Amino acid sequence: MIREIIITSRNQDGSTHIAPMGVRREDGLYVVAPFRPSRTLENVMRERHAVVNFTDDVRVFAGCLTGRHDWPLCAAARVPVLRLQESLSHAELEVRSFEDDAQRPRFLCAVVHEETHAPFAGFNRAQAAVLEAAILVSRLHMLPAEKIQRELEYLRIAVGKTAGEREHLAWSWLEARIAEFSANVSPRSAAS
Ligand SMILES: Cc1cc2nc3c(=O)[nH]c(=O)nc-3n(C[C@H](O)[C@H](O)[C@H](O)COP(=O)(O)O)c2cc1C
């Protein structure tokens, strides 16, 4: 099973990189698999630590995909990487092994510390819809325009029916990004 989380890693200059990522568990370890090229890949390779932040604040997912990287951070307990200040829980990771790959290398990471900060508040369909739209945004260059529009139309139903303020805001950032991308794609390249 893949869980969509926010991974924080330490940049070379000491600042923090924040990125949405899908992680899975294998034999008690976390598998982190960034596509090449990726800042997260470079950082985790160099620093050997990262934090997996479990949050239901979908603004962070949509924000990272739309140039909004400034989310409140605080120190982790056992690793030299900052974590999201507001998350439901987090796990602090140390790299145990690395499996190289031309497209998608894998880090296998042990949990050296984990903490719960807030209870799970239940599923929300708009949050799931925002995650799906964020994935579409991360693949805008690879997907046909009509597929994007068709999927957005469907996802918009859940947002309209079930979103709160955060989900509406996150959705509006993603819609704006998609509209901007569509406006810049010439009819010729859109057809190809
Ligand atoms: C829900 C979600 C899950 C994602 N999962 C992954 C992933 O597993 N691996 C990956 O390389 N990018 C993933 N992405 C895309 C990255 O967040 C995005 O490309 C990001 O820029 C990673 O590159 P960076 O480390 O250079 O920022 C995901 C995006 C979303 C919205």
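Below is a summary of the structure that appears in this document. (Residues numbered from 1 in each chain as written. Predicted model: local features only at pLDDT ≥ 70, side-chain atom pairs only at ≥ 80, totals over all residues. Heavy atoms only, no water.)

Observations regarding the sheet that holds strand β2 (residues 16-26)
The six strands lie next to each other as β1-β2-β3-β8-β7-β4, forming a closed barrel whose pairing is antiparallel. Direction aside, neighbouring strands of the sheet carry axes that sit 45° apart on average. The pairing of β2 with strand β3 (residues 29-32) spans four bridges and is classified as antiparallel. Paired with arginine 24 across the two strands is valine 31, which belongs to β3. Relative to strand β1 (residues 3-10), helix α1 (residues 39-47) is tilted by about 60°, and along the sheet it contacts β1, β2, β4 (49-54), β7 (89-99) and β8 (106-116). (Pairing = 2+ DSSP bridges. Helix = DSSP H or I, 4+ residues; strand = E, 2+ residues; numbered from the N terminus. Axes fitted to C-alpha atoms, helices over the stretch in contact; angles between N-to-C directions. Contact = heavy atoms within 4.5 Å.)

A closer look at α1
Burial in α1 covers these residues: Thr40, Leu41, Asn43 and Val44. Tucked inside the fold, the buried residues of α1 contact β1, β2, β4, β7 and β8. Its side-chain oxygen at 3.1 Å from the backbone nitrogen of threonine 40, serine 38 defines the N-terminal cap of α1. Positioned one or two residues after α1, arginine 48 has a phi angle of 65°, which is positive. (Buried < 20%, exposed > 50% of the residue type's maximum accessible area, 1.4 Å probe, protein only. Polar contact = N/O pair within 3.5 Å; in protein donor to acceptor, adjacent residues only side chain to side chain.)

Regarding the nonpolar core
Grouped together as the largest cluster of nonpolar side chains are 28 residues, with contacts concentrated most on Ile18, Val60, Trp71, Val130, Trp171 and Leu174. Looking at this core, the element that brings in the most residues is helix α3 (residues 125-138), giving seven residues. Setting aside residues up to four positions removed in sequence, tryptophan 71 forms contacts with Ile18, Arg59, Val60, Gly63, Cys64, Leu84 and Trp173. Grouped together as the second largest cluster of nonpolar side chains are 16 residues, Met21, Tyr30, Val32 and Val95 included. (Core = buried A, V, L, I, M, F, W, Y, C linked by side-chain atoms within 4.5 Å.)

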